[in-house]
Amino acid sequence: DQQVKQNSPSLSVQEGRISILNCDYTNSMFDYFLWYKKYPAEGPTFLISISSIKDKNEDGRFTVFLNKSAKHLSLHIVPSQPGDSAVYFCAAYDLSNSGYALNFGKGTSLLVTP
Amino acid sequence: DSGVTQTPKHLITATGQRVTLRCSPRSGDLSVYWYQQSLDQGLQFLIQYYNGEERAKGNILERFSAQQFPDLHSELNLSSLELGDSALYFCASSGGRSGRNEQFFGPGTRLTVL
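Residues numbered from 1 in each chain as written. Chains lettered and ligands numbered in written order. Predicted model: local features only at pLDDT ≥ 70, side-chain atom pairs only at ≥ 80, totals over all residues. Heavy atoms only, no water.

1. Some points on the overall build of chain B
Phase 1 of the analysis: Regarding its fold elements, chain B presents zero helices and eleven strands.
Phase 2 of the analysis: Counted from the first residue to the last, chain B has its helices and strands arranged as β-β-β-β-β-β-β-β-β-β-β.
Phase 3 of the analysis: In summary, chain B has a C-alpha radius of gyration of 13 Å against a globular reference of 13 Å for 114 residues, a match within 12%.
Phase 4 of the analysis: Across its three principal directions, the C-alpha atoms of chain B cover 40 × 30 × 25 Å.
Phase 5 of the analysis: Of the contacts made within chain B by residues no fewer than 6 positions apart, 55% connect residues no fewer than 24 positions apart.
Phase 6 of the analysis: Of the accessible surface of chain B, which amounts to about 5500 Å², a share of 47% is contributed by carbon and sulfur atoms.
Phase 7 of the analysis: When the 10 basic and 11 acidic side-chain charges of chain B are each reduced to a single mean position, those positions are 3 Å apart. (Helix = DSSP H or I, 4+ residues; strand = E, 2+ residues; numbered from the N terminus. Rg over C-alpha atoms; globule rule 2.2 N^0.38 Å. Contact = heavy atoms within 4.5 Å. Areas by Shrake-Rupley, 256 points an atom, 1.4 Å probe, with all protein chains shown as cover. Lys, Arg positive; Asp, Glu negative; His and termini not counted. Charge placed at Lys NZ, Arg CZ, Asp CG, Glu CD.)

2. Quick word on the interface of chain A and chain B
Phase 1 of the analysis: Contacts between the two partners involve 22 residues from chain A and, on the opposite side, 24 residues from chain B.
Phase 2 of the analysis: Of the roughly 1800 Å² buried where chain A meets chain B, counting both sides, 57% is carbon and sulfur surface.
Phase 3 of the analysis: Considering only the side of chain A, the residues that lose the most area to chain B are Pro44, Tyr100 and Phe104 of chain A, jointly responsible for 31% of the buried surface there.
Phase 4 of the analysis: At the boundary of chain A and chain B, one finds zero salt bridges.
Phase 5 of the analysis: Summed over the shared surface of chain A and chain B, the number is five residue pairs in polar contact (both at pLDDT 80 or more).
Phase 6 of the analysis: Elements with a contribution of two residues or more to the side of chain A that touches chain B: strand 4 (32–38), strand 5 (45–51), strand 9 (86–93), helix 1 (95–98) and strand 10 (102–104) of chain A.
Phase 7 of the analysis: It is strand 4 of chain A that provides the largest number of residues to the side of chain A that touches chain B, a total of four residues.
Phase 8 of the analysis: Class assignment of the residues belonging to the side of chain A that touches chain B gives a composition of 13 nonpolar, five polar and four charged. (Buried area = accessible area lost by both parts, 1.4 Å probe. Salt bridge = Lys/Arg side-chain N within 4 Å of Asp/Glu carboxyl O. Polar contact = N/O pair within 3.5 Å; in protein donor to acceptor, adjacent residues only side chain to side chain. Nonpolar A, V, L, I, M, F, W, Y, C, P; charged D, E, K, R; others polar.)

3. Digging into the state of the cysteines
Phase 1 of the analysis: Tallied over the full model, the rule gives two disulfides over all chains.
Phase 2 of the analysis: For Cys23 of chain A, the disulfide goes to Cys90 of chain A, at an S-S distance of 2.0 Å. Its S-S torsion of about -75 degrees marks the bond between Cys23 of chain A and Cys90 of chain A as left-handed, since a negative value means left-handed. A residue pair is termed long-range when its members are at least 10 positions apart, and Cys23 of chain A in strand 3 (residues 19–25) and Cys90 of chain A in strand 9 qualify at 67 residues.
Phase 3 of the analysis: The residue that forms a disulfide with Cys23 of chain B is Cys91 of chain B, at a sulfur-sulfur distance of 1.8 Å. Disulfide Cys23 of chain B-Cys91 of chain B: torsion about the S-S bond near -50 degrees, hence left-handed. Placement of Cys23 of chain B in strand 3 (residues 19–24) and of Cys91 of chain B in strand 9 (residues 87–94) is noted, with a sequence separation of 68 residues between them.
Phase 4 of the analysis: Residue Cys23 of chain B is classed as buried on the basis of its relative accessible area of 0%. (Disulfide = S-S within 2.5 Å. Buried < 20%, exposed > 50% of the residue type's maximum accessible area, 1.4 Å probe, protein only.)

4. Topic: the pattern of salt bridges
All names here are of chain B.
Phase 1 of the analysis: Within the structure shown, the criterion is met by six salt bridges over all chains.
Phase 2 of the analysis: One salt bridge in this structure joins Asp29 and Arg26, with 2.8 Å as the shortest N-O distance.
Phase 3 of the analysis: Residue Asp29 is classed as buried on the basis of its relative accessible area, which comes to 3%.
Phase 4 of the analysis: Linking Arg63 and Glu82 is a salt bridge whose minimum nitrogen-to-oxygen distance equals 3.7 Å. Note that Arg63 is positioned in the loop between strand 6 (53–57) and strand 7 (64–68) and Glu82 in the loop between strand 8 (74–78) and strand 9, a separation of 19 residues in sequence.
Phase 5 of the analysis: Using a relative accessible area of 44% as the deciding quantity, one classes Glu82 as partly exposed.
Phase 6 of the analysis: It is possible to trace a salt-bridge network through shared partners that takes in Arg63, Glu82 and Asp85.

5. So, the nonpolar core
Phase 1 of the analysis: Of all hydrophobic cores here, the largest spans 23 residues; its most connected members are Phe33, Trp35, Leu73, Leu75 and Tyr88 of chain A.
Phase 2 of the analysis: In terms of residues, this core owes the most to one element, strand 9 of chain A, which gives four residues. (Core = buried A, V, L, I, M, F, W, Y, C linked by side-chain atoms within 4.5 Å.)

6. A closer look at the packing of aromatic side chains
For any pair of aromatic rings, geometry is given as the distance between the ring centres together with the angle between the planes.
Phase 1 of the analysis: One pass over the full model with this rule turns up 15 aromatic pairs over all chains.
Phase 2 of the analysis: When the ring of Phe46 of chain A is compared with that of Phe104 of chain B, the centres are 6.2 Å apart and the planes differ by 70 degrees; the resulting orientation is edge-to-face. Of this pair, Phe46 of chain A sits in strand 5 while Phe104 of chain B sits in strand 10 (residues 104–105), each in a different chain.
Phase 3 of the analysis: Note on Phe46 of chain A: relative accessible area 21%, which makes it partly exposed. (Phe/Tyr/Trp six-rings, centres within 6.5 Å; stacked < 30°, edge-to-face > 60°.)

This is the structure we're talking about:
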């Protein structure tokens, strides 16, 4: 039962433009959301997070937006750079059911072209 | 470098065998998490330990077990291995009493069962 869904397996964006990665979730008990970036042959690297009491969190070129009513969050990267090319995972905590276990989406592969 | 180390990096073994994967968390982190990433799946939570005690359990098979030692390193034991156990196994750690912080991942152990 996939509670976190990333429906776009891949995304291609030109350097300098905005990358928008989307994530939907089904569990209304999720109260903390995270984005991770993963390069081949490496572990996921924490990127940015957001609590359910907020609707936006910004860190440099990365902004995460949360729409609780739609059970949707998105990651914006502006401007996109070739080094951003990686797989991005959306993840969420379900504290009421499984403690601090992260529920991950299947990832979106981002390619930033020069 | 996340500060989380995992050994070995690669492991090739045969069906029916038993292996042990090792993880050292970031300095000061009390929580250790184990995740499995199979070919078509996102990262699946297996188990969490906090300061030596099991805190949460995911879809971990009975053939799999884990423990966290007094020095906080953790081991994941996989026995009676099957072909379907071939996957990337990631360890993550987080700090603080609540465990509700971002999790930092190690580089993973790639297990191949032949």
